[in-house]
Protein chains: 2
Amino acid sequence: MSRLVTLGLIQMSMTSDPAENLEKALGKVEEAAGKGAQIVVLPELFQSRYFCQRPDDAFAFERAESIPGPTTEKLSALATRLKIVLVGGSIFENAAGKHFNTSVVLGPQGELIGTYRKAHIPEDILYHEQQYFAPGDTGIRVFATPFGRIAPLICFDQWYPEVARIAALQGAEIILYPTAIGTVDAAVEENITGDWEQMWRNAMLGHAACNNVYVAAVNRCGTEDQLRFWGGSFVADPSSAILARAGDQDEVLLVQCDLDKIRPLQDAWRFFKNRKPDTYGELTMEN
Amino acid sequence: MSRLVTLGLIQMSMTSDPAENLEKALGKVEEAAGKGAQIVVLPELFQSRYFCQRPDDAFAFERAESIPGPTTEKLSALATRLKIVLVGGSIFENAAGKHFNTSVVLGPQGELIGTYRKAHIPEDILYHEQQYFAPGDTGIRVFATPFGRIAPLICFDQWYPEVARIAALQGAEIILYPTAIGTVDAAVEENITGDWEQMWRNAMLGHAACNNVYVAAVNRCGTEDQLRFWGGSFVADPSSAILARAGDQDEVLLVQCDLDKIRPLQDAWRFFKNRKPDTYGELTMEN
């Protein structure tokens, strides 16, 4: 048996012009769908440069919008026309004055299947997200779409096997990570050296391996001020094998996944069945 | 600053003669210490063939022993003489009639620093561990040794990011995984295909990446009945880079680790600081 679905990952660079970025994103979604993609995923905050590099971008706050809102309207219209599931990377959401980093899932009838507000918000040199986003209040969510059960998580969530596990326990078949991550100037890194792209990839390959689900990461690329976004978007299968990986330039990555490979693997390895939740109490204690 | 420690991983095959296996293990520990190893780690159940391949090995039960007991006495004497920390892979423990798969940590004065009873027990084609071992009741433990803070976990625990995280939250600098894992005959695997060694490695690289700690896996090698143990013992650094990896034969793997690389990385990436425990409730719910 085979339940095939084709993922389309939109790896792209952004300019300082939001309208241009949206236009570019929509064009690439159309390109992916034209090549057979059924679930198309945009990067995190795909409409703008990564404004969180500075702690105080007032213009970014001005552009924050409601969901549903002008952007989801455009995404919805496109999803309807292309008959795809479109994961709107993430949008800077203004929810009645409270701000979130929010992923949206649109269905092939244009319906808003659901939203996910990023749970883990970094605050770091060049990643000042806590100046912009409240921690998500949606909890971890898995959405049944016509092309499979998907869990949208966002960027920094990548480092938290806790939420990947929760998504898998809820029945996610594909965990999606729209992302904006890059290398900072050596000068800024001080003494901390390492292959961060490898570390980032390994974190998510671990999620695929421990949960026997597909994992897809969709990063931006290009250089913005002090950050060089490394691209490297990829899809791993439920055995954590990398099926395809992008370079560091704009790329539409098409990857066919067989969702019927998931359940036999989960049944054979029995990672869920043999969990010991009474041993995990420390995970839910306050930091 | 550098706080250097040399790990010695004893990858070895076992015969059907327990005395021979113990003798071989002790010899290889001595070899590792002679080459500078300060923390030496033996594989899971290093004194015997992997008896759990069958569900009913009465002879294995006869050999199960108390801790402290005859084996820890020998390990203790050796640790004292070599002035090392010796992690006694695991021992089939008989604790007043209750049986566990137990790792022991002996210090350079021969002291029993602590024990850890394997929490996650597989029950699977050729891995009938639930016929032998009760789930561990020690909880996850981190032991302060003269050469660093180590957390012994065991084999199937590898697939549980939950317990790797708990070890790291408790301050583990090195997570150790004595292991017995191999490939089963293609005939037995039915339709489940994949690169299991890669999946196994990726799971643990994920733990290194998400926790910024050293991870060391120590597997057995050789073929026993229907199982081909793949060896492949390795050490990953706190950025999840593989520092050294064994082949599929007997090997004493010496790896120098700088424990002072851990904290700066943890402080820079802030994965612990930005955890959201109130989002993780589902992890502690019964399966």
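Residues numbered from 1 in each chain as written. Chains lettered and ligands numbered in written order. Predicted model: local features only at pLDDT ≥ 70, side-chain atom pairs only at ≥ 80, totals over all residues. Heavy atoms only, no water.

Participant: I would appreciate a short explanation of the sheet that holds strand β15 (residues 227-230) of chain A in the present structure.
Facilitator: Through backbone hydrogen bonds, the strands of a sheet pair up, either in parallel or in antiparallel fashion. Residues and elements named next belong to chain A. In space, the 3 strands of this open sheet follow the order β12-β15-β14, with antiparallel pairing throughout. Looking at the sheet topology across the chains shown, the edges are occupied by β12 (182-184) and β14 (221-224). On average, adjacent strands in this sheet sit at an angle of 15 degrees to one another, irrespective of strand direction. One ladder, built from 4 bridges, connects β14 with β15; its direction is antiparallel. Bridged to Thr-223 within β15 is Arg-228. (Pairing = 2+ DSSP bridges. Helix = DSSP H or I, 4+ residues; strand = E, 2+ residues; numbered from the N terminus. Axes fitted to C-alpha atoms, helices over the stretch in contact; angles between N-to-C directions.)

Participant: Before we go on, may I ask you to explain the packing of aromatic side chains in this structure?
Facilitator: Evaluated as defined, the whole model comprises 38 aromatic pairs over all chains. Summarising the aromatic geometry, the rings of Tyr-50 of chain A and Tyr-127 of chain A are spaced 5.5 Å apart at their centres and angled 55 degrees between planes, so their arrangement reads as tilted. In this pair, Tyr-50 of chain A is assigned in the loop between β2 (39-41) and α2 (58-63) and Tyr-127 of chain A in strand β8 (residues 127-128), connecting sequence segments 77 residues apart. One exposure class covers both Tyr-50 of chain A and Tyr-127 of chain A, and it is buried. Measuring from ring centre to ring centre gives 5.7 Å for Trp-200 of chain A and Trp-230 of chain A, while their planes differ by 70 degrees; the resulting arrangement is edge-to-face. In this pair, Trp-200 of chain A is assigned in helix α6 (residues 196-211) and Trp-230 of chain A in strand β15, connecting sequence segments 30 residues apart. Both residues of the pair, Trp-200 of chain A and Trp-230 of chain A, count as buried. One aromatic cluster is present, formed by Phe-156, Trp-159, Tyr-160 and Trp-196 of chain A together with Trp-269 and Phe-271 of chain B through successive ring pairs. (Phe/Tyr/Trp six-rings, centres within 6.5 Å; stacked < 30°, edge-to-face > 60°. Buried < 20%, exposed > 50% of the residue type's maximum accessible area, 1.4 Å probe, protein only.)

Participant: Looking at this structure, how should I read α6 of chain A?
Facilitator: Residues and elements named next belong to chain A. Compared with the 22 Å implied by 1.5 Å per residue over 16 residues, the 23 Å span of α6 between its first and last C-alpha is a close match. Judged by how many residues are buried, α6 sits mostly within the fold: 15 of 16 residues are covered. Structurally, the start of α6 carries an N-cap: the backbone nitrogen of Glu-197 is 3.3 Å from a side-chain oxygen of Asp-195. Immediately beyond the C-terminal end of α6, within one or two residues, lies Asn-212, with a positive phi of roughly 50 degrees. (Expected span 1.5 Å × (residues − 1). Polar contact = N/O pair within 3.5 Å; in protein donor to acceptor, adjacent residues only side chain to side chain.)

Participant: Help me understand the relation of the copies chain A and chain B, please; the structure alone is not making it clear to me.
Facilitator: Each of the two copies of the chain can be brought onto the other by a rotation about an axis and a shift along it. For the match of chain A to chain B, the screw axis carries a shift of 0.0 Å, the RMSD comes to 0.0 Å, and the turn is 180 degrees. Such a turn and shift between the copies fits a two-fold axis. Across chain A, the smallest distance between a C-alpha and the rotation axis is recorded for Gly-206 of chain A, namely 2.1 Å. With an isologous cut-off of 70% or more, the 100% of interface residues of chain A that recur at the interface of chain B puts this contact in the isologous class. (Least-squares fit on C-alpha atoms with pLDDT ≥ 70 in both. Contact = heavy atoms within 4.5 Å.)

Participant: Before we go on, may I ask you to explain the sheet that holds strand β14 (residues 221-224) of chain B in this structure?
Facilitator: Residue and element names in this part refer to chain B. Within the open sheet, the 3 strands sit side by side as β12-β15-β14. Their pairing is antiparallel. Two strands bound the open sheet, and with one partner strand each, they are β12 (182-184) and β14. Mean inter-strand twist for the sheet, computed between neighbouring axes without regard to direction, equals 15 degrees. As defined by bridge partners, β12 adjoins strand β15 (residues 227-230) across 3 bridges and the pair is classed as antiparallel. In the strand pairing of β15, Thr-183 is matched with Arg-228.

Participant: Could you clarify how one ought to interpret the interface of chain A and chain B in this entry?
Facilitator: Quite often, the size of an interface is put as the accessible area lost when its parts meet. On the side of chain B, 59 residues touch chain A, which itself brings 59 residues to the contact. Both sides of the chain A and chain B interface together cover about 5,200 Å² of buried area, and 60% of this is carbon and sulfur. Our count for the contact surface shared by chain A and chain B stands at 4 salt bridges. The salt bridge partner of Arg-165 of chain A is Glu-162 of chain B, with a shortest N-O separation of 2.7 Å. Where chain A touches chain B, the interface holds 20 residue pairs in polar contact (both at pLDDT 80 or more). (Buried area = accessible area lost by both parts, 1.4 Å probe. Salt bridge = Lys/Arg side-chain N within 4 Å of Asp/Glu carboxyl O.)

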